[in-house]
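Breakdown of the fold
Residues per chain, in single letters:
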Amino acid sequence: MQIVIVDSSRVVLQIIASLIEPRGHDVHAFTDSALALDFLKTTPTVRVLITSLEVRPLCGLELCWSARLLAEERGPLHVITMSSVRNVRSLAEALDSGADDFIEKPPSAEELNARLRAAERLTTMQEELIRLAETDPLTGALNRRAFFNRARMAAEQNGHPGGVSAILADIDHFKRINDRHGHDVGDLAITAVADLIAREGIGGRLGGEEFALVLPRCCLADAVARAEHLRAG
């Protein structure tokens, strides 16, 4: 599991890393909370953030809040805050700022690794729930809701003219396929088309035999060529 640790002290970072690296975790340590947040933005495979409340330039509470907002788009992220001062107010502020857990600094190896095991169970469960919520059960492609969410994100990130293109597609004479060969063969046809579209970009099944494909950083002329390639294939 990939873990980001943030603390103003390199000694503390080394101590915590030495407690969890022997368990096979991949640790990324930062003394700068802004750099840690940038790393989280570009590394969606990170599943746990451990941060002290006493960090800069973003304080620990600000980092928790920013990481929680980021997790809404990047996927599950378990946030653990640390502080050498444990009181009800610190705990409440951390949890209200998006933290999932709170430990005293420095933590014991047994407690820290137990909390990481719990974090791994929770993030694995969240990943599966997200997969089920976003995936079309027949084809494994994005379902309608998830596709439009991804399409919106792609449009926001590539908002300049020619920055993103879209293709709509369906299977011609699909009813005839079902009538002649049965619904099992029809399902195979739908799955084959979904697999073909998924290789090209952000593809999804809108319903029935209807599909859509979003192509970031693709101009209209290139999109037309790729649509023709899909049609011919």
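One can find the structure itself at the top, above this paragraph.
Heads up: these notes are all about the structure in this document. These numbers were taken from a predicted model, which means no experiment stands behind them.

About the criteria used
- Residues numbered from 1 in each chain as written.
- Predicted model: local features only at pLDDT ≥ 70, side-chain atom pairs only at ≥ 80, totals over all residues.
- Heavy atoms only, no water.
- Helix = DSSP H or I, 4+ residues; strand = E, 2+ residues; numbered from the N terminus.
- Rg over C-alpha atoms; globule rule 2.2 N^0.38 Å.
- Buried < 20%, exposed > 50% of the residue type's maximum accessible area, 1.4 Å probe, protein only.
- Contact = heavy atoms within 4.5 Å.
- Core = buried A, V, L, I, M, F, W, Y, C linked by side-chain atoms within 4.5 Å.
- Salt bridge = Lys/Arg side-chain N within 4 Å of Asp/Glu carboxyl O.
- Pairing = 2+ DSSP bridges.
- Axes fitted to C-alpha atoms, helices over the stretch in contact; angles between N-to-C directions.
- Phe/Tyr/Trp six-rings, centres within 6.5 Å; stacked < 30°, edge-to-face > 60°.
- Polar contact = N/O pair within 3.5 Å; in protein donor to acceptor, adjacent residues only side chain to side chain.

All right, on to the overall build of the protein then. Looking only at helices and strands, the protein features nine helices and eight strands. Radius of gyration (C-alpha) of the protein: 23 Å, far over the 17 Å computed for a compact globule of 233 residues. In terms of overall dimensions, the protein has a C-alpha envelope of 70 × 40 × 30 Å along the principal axes. Here the protein holds 233 residues, and the buried ones make up 40% of them. The long-range share in the protein, meaning contacts at least 24 apart out of those at least 6 apart in sequence, stands at 62%.

All right, on to the nonpolar core then. Val4, Val6, Leu40, Leu49, Ala67, Leu77 and Val79 are the most contacted members of the largest nonpolar core, which has 20 residues in total. Of all the secondary-structure elements, those providing two or more residues to this core are strand E1 (2–6), helix H2 (33–42), strand E3 (46–52) and helix H3 (60–74). It is H3 that contributes the most residues to this core, five residues altogether. Those residues in contact with Ala67, other than ones at most four positions away along the chain, are Leu37, Leu40, Leu49, Leu77 and Val79. Grouped together as the second largest cluster of nonpolar side chains are 16 residues, Ile3, Leu13, Ala17 and Ile20 included.

Further remarks concern the pattern of salt bridges. Enumeration over the complete set of coordinates arrives at 13 salt bridges. One continuous salt-bridge network, built from bridges that share partners, spans Asp7, Glu54 and Lys105.

Attention shifts here to the sheet that holds strand E2 (residues 26–30). Pairing is parallel in the open sheet, where five strands are placed in the order E2-E1-E3-E4-E5. Looking at which strands have only one partner, the edges of the open sheet turn out to be E2 and strand E5 (101–104). Across the sheet, the mean angle separating the axes of adjacent strands is 20 degrees when strand polarity is ignored. As judged from the four bridges shared by strand E4 (residues 78–83) and E5, these two strands associate in the parallel manner. Counted as the bridge partner of Ile80 is Asp101 from E5.

Let us now look at the pairing of E1. Consecutive side chains along a regular strand alternate between the two faces of the sheet. Within E1, five of the five residues are buried, leaving the element largely enclosed by the surrounding structure. Every second residue of E1 is oriented toward a common face, with Gln2, Val4 and Val6 on one face and Ile3 and Ile5 on the other, all of them buried. The pairing of E1 with E2 spans five bridges and is parallel. Along E2, the bridge assignment pairs Ile5 with Ala29. Bridge count between E1 and E3: five bridges; the pairing is parallel. Bridging from a neighbouring strand, Val6 pairs with Thr51 of E3.

Counting across every chain of the model gives two aromatic pairs. When the centroid spacing of 5.4 Å and the interplanar angle of 50 degrees are considered together, the rings of Phe30 and Phe39 count as tilted. A residue is classified by how much of its surface remains accessible, and Phe30, at 17% relative accessible area, is buried. Phe39 gets classed as partly exposed once you look at its relative accessible area, which sits at 22%. A ring pair is formed by Phe147 and Phe148, whose centres lie 5.4 Å apart and whose planes are at 70 degrees; its orientation type is edge-to-face.

Relative to the elements of secondary structure, Lys105 occurs in the loop between E5 and helix H5 (109–134). Among the polar contacts listed, one links the side chain of Lys105 to the side chain of Ser52, at a separation of 3.3 Å. Ignoring anything within four residues of it in the chain, the contact list for Lys105 reads Asp7, Val12, Ser52, Glu54, Met82, Ser83 and Ser84.

Bringing the side chain of His28 into the picture now. As for its placement among the helices and strands, His28 is situated in strand E2. His28 sits in the buried class, given a relative accessible area of 18%. In this structure His28 touches Gln2, Ile3, Val4, Ile5 and Phe39, once residues within four positions along its chain are discounted.

The next point concerns the sheet that holds strand E8 (residues 210–216). Spatially, E6-E8-E7 is the arrangement adopted by the three strands of the open sheet, whose pairing is antiparallel. Two strands in the sheet have a free side with no partner beyond their single neighbour: strand E6 (164–170) and strand E7 (202–207). Neighbour to neighbour, the strand axes of the sheet diverge by 20 degrees on average, direction disregarded. Here E6 runs beside E8; their pairing, made up of seven bridges, is antiparallel. From the neighbouring strand, Ser165 faces E8, where its bridge partner is Leu215. Contacts from helix H6 (residues 144–157) reach E6, E7 and E8, with the element oriented near 140 degrees to E7. Packing of helix H8 (residues 183–198) onto the sheet brings it into contact with E7 and E8, and relative to E8 it is tilted by some 5 degrees.

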